[in-house]
Amino acid sequence: MDIPRIFNITESAHRIHNPFTPEKLATLGAALRLERGTRLLDLGSGSGEMLCTWARDHGVIGTGIDMSPLFTEQAKLRAVELGVTDQVNFIHGDAVGYVSEEKVAVAACVGATWIGGGVAGTIELLARSLRTGGIILIGEPYWRQLPPSEDVAKSCFANSISEFLTLPELIASFGDLGYDVVEMVLADQDSWDRYEAAKWLTMRRWLEANPDDELAQEVRAQLTSEPVRHAAYTREYLGWGVFALMPR
Ligand code: SAH
């Protein structure tokens, strides 16, 4: 079981597979006022940076599930590096439908809401693992500027303009689902660069090491087009944030 190989190539050097910097992740951890021993669940945990650094900085414990064997392995290595192996646990697997045995104080899905078939379905899934008084974390894109055409939306890798909402609409949608938005930390254009631009050097180095790989042409094409595409589209039009929600 794995995600498409192209992501394991382009994001192999990422610790955070999202437009967040380490500083923004730390800001979010501090904003949530986490207490030692707080139990977390993270669906689509990637390379485990959120769980591992919050375990180090706030003494949280928890489990992450991710479909990429590479990212899951990197998460385990990060736990060793930060000395938190007794606090965190990373499972390689499909998080679709995953409900934890023990209820958690923080249930997160940060940048992988297709796991629940969209934002509403993911909130519903996470809520099944949440203890009373717990917090749901959703990481999701929104339109920073509304695209002037469907073509512009597609150049932001959205299927259509309607796939994402504006920030006020996204926040209102959480209310419509019966949740208070109790905190949020947003990406900015520079933190988008940390996610997107970091892929370019990784691609360049991978191409040099793997010139005859079956994906070499695809990676070459991406490295050629991505910097301009990112500057023209994603960087201008797409926002991203993590929203902390509590049921009303
Ligand atoms: N939350 C992490 C990773 C976000 S990227 C971070 O912020 O760094 C999206 C992640 O979802 C990837 O790591 C990918 O491997 C994982 N993923 C995709 N489909 C999945 C599924 N069905 N179950 C579990 N993980 C999945």
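Quick note: structure is the one above.
Residue numbers here run from 1 along each chain, matching the order of that chain's written sequence. Per-residue local features are limited, in this predicted model, to residues with pLDDT of at least 70; the limit for side-chain atom pairs, both in listing and counting, is 80 or more; totals at the level of whole chains, interfaces and linings are taken over all residues. In computing side-chain values, all of the structure's heavy atoms are included and hydrogens and water are not.

Novice: What is the right way to read the packing of aromatic side chains from this model?
Specialist: Given two aromatic rings, one states the distance between the centres and the angle between the planes to describe the pair. Pairing of aromatic rings covers Phe, Tyr and Trp, the last through its six-membered ring, and needs centres within 6.5 Å; plane angles under 30 degrees mean stacked, over 60 mean edge-to-face, and all others mean tilted. Summed over all chains, the structure comprises four aromatic pairs. Here the aromatic rings of Phe174 and Phe243 are separated by 5.4 Å at their centres, their planes lie at 45 degrees, and the arrangement is tilted. With Phe174 in helix α7 (residues 167-176) and Phe243 in strand β7 (residues 238-247), the pair connects residues that are 69 residues apart, well separated along the chain. Residue classification places Phe174 among the buried positions, given a relative accessible area of 0%. What makes Phe243 buried here is its relative accessible area of 0%. A ring pair is formed by Trp192 and Tyr195, whose centres lie 6.4 Å apart and whose planes are at 50 degrees; its orientation type is tilted. Residue Trp192 and its partner Tyr195 are located together in helix α8 (residues 189-209), separated by three residues, close to a single helical turn. Accessibility assignment for this pair places Trp192 and Tyr195 in one class, buried. The ring centre of Tyr195 lies 4.1 Å from the NZ or CZ of Lys199, which sits over that ring. Only DSSP runs of H or I reaching four residues or more are called helices, and only runs of E reaching two or more are called strands; each is numbered from the N terminus. Working definition: with a 1.4 Å probe on protein chains only, accessible area under 20% of the residue-type maximum means buried, over 50% means exposed, and in between means partly exposed. Distance and angle both matter: a charge sits over a ring if NZ of Lys or CZ of Arg is within 6 Å of the ring centre and within 35 degrees of the ring normal.

Novice: Just to check I follow, could you spell out the nonpolar core for this structure?
Specialist: The tendency in soluble globular proteins is for nonpolar side chains to be buried side by side. Side-chain atoms within 4.5 Å are what join buried Ala, Val, Leu, Ile, Met, Phe, Trp, Tyr and Cys residues into a set we call a nonpolar core. Counting residues in each nonpolar core, the largest one holds 39 residues, and the members touching the most others are Phe20, Leu32, Trp54, Val88, Leu137 and Trp143. At five residues, the largest contribution of residues to this core is made by helix α3 (residues 49-58). If sequence neighbours within four positions are ignored, Leu137 has contacts with Leu32, Trp54, Val106, Ala107, Ala108, Cys109, Leu126, Val242, Phe243 and Ala244. Counting residues in each nonpolar core, the second largest holds 23 residues, with Ile65, Val104, Ile123 and Leu167 among its members. The criterion used for residue contact is that any of the two residues' heavy atoms lie within 4.5 Å.

Novice: How should I be thinking about the side chain of Glu140 in this particular structure?
Specialist: Tracing the backbone through its elements, the reader meets Glu140 in strand β5 (residues 130-143). The side chain of Glu140 is buried and forms no salt bridge, while Lys199, the nearest opposite charge, is found at 15 Å. Any N or O atom pair separated by 3.5 Å or less is treated as a polar contact, with the protein-specific requirement of one donor-capable and one acceptor-capable atom, and with residues adjacent in sequence counted only for side-chain atom pairs. Here Thr113 takes part through its side chain, which lies 2.7 Å from a polar atom of the side chain of Glu140. Those residues within four positions of Glu140 in sequence are excluded, and the remaining contacts are Thr113, Val119, Phe164, Leu170, Trp240, Gly241 and Phe243. When charges are counted, Lys and Arg are positive and Asp and Glu negative, with His and the chain ends excluded. Here a salt bridge means any side-chain nitrogen of Lys or Arg lying within 4 Å of a carboxyl oxygen belonging to Asp or Glu.

Novice: Looking at this structure, how should I read the site of the ligand?
Specialist: Any residue with a non-hydrogen atom lying within 4 Å of a molecule or strand is treated as near it. In the vicinity of the ligand there are 20 residues, among which His17, Asn18, Gly44, Asp66 and Asp94 approach most closely. In the environment of the ligand, a nitrogen atom lies 2.9 Å from a nitrogen or oxygen atom belonging to the backbone of Ala95. Contact between the ligand and Trp114: a nitrogen atom at 3.2 Å from a side-chain N or O atom of the residue. Computed with the Shrake-Rupley method and a 1.4 Å probe, the accessible areas treat only the protein chains shown as cover for residues. Here the ligand, which alone exposes 570 Å², has 89% of that area covered by the protein. When its residues are assigned to classes, the shell around the ligand shows 10 nonpolar, eight polar and two charged. For this classification, the nonpolar set comprises Ala, Val, Leu, Ile, Met, Phe, Trp, Tyr, Cys and Pro, the charged set comprises Asp, Glu, Lys and Arg, and every other residue, Gly included, is treated as polar.

Novice: Explain the pattern of salt bridges to me, please; I cannot follow it from the model alone.
Specialist: Two side chains bearing opposite charge may form a pair once their charged atoms approach each other closely. Considering all chains together, one arrives at 15 salt bridges under this definition. Measuring nitrogen to oxygen at the nearest pair gives 3.9 Å for the salt bridge that ties Glu11 to Lys199. Of this pair, Glu11 sits in the loop between α1 (5-10) and α2 (22-31) while Lys199 sits in helix α8; the two residues are 188 residues apart in sequence, bridging distant segments of the chain. With respect to class, Glu11 is no different from Lys199; both count as buried. Between Lys24 and Asp188 there is a salt bridge whose closest N-O contact spans 3.4 Å. Here Asp188 lies in the loop between β6 (179-186) and α8 and Lys24 lies in helix α2, a separation of 164 residues in the sequence. Under the relative-accessibility criterion, Asp188 is labelled partly exposed at 33%. By sharing partners, the salt bridges in this structure join Arg15, Glu49, Arg78 and Glu81 into a single network.

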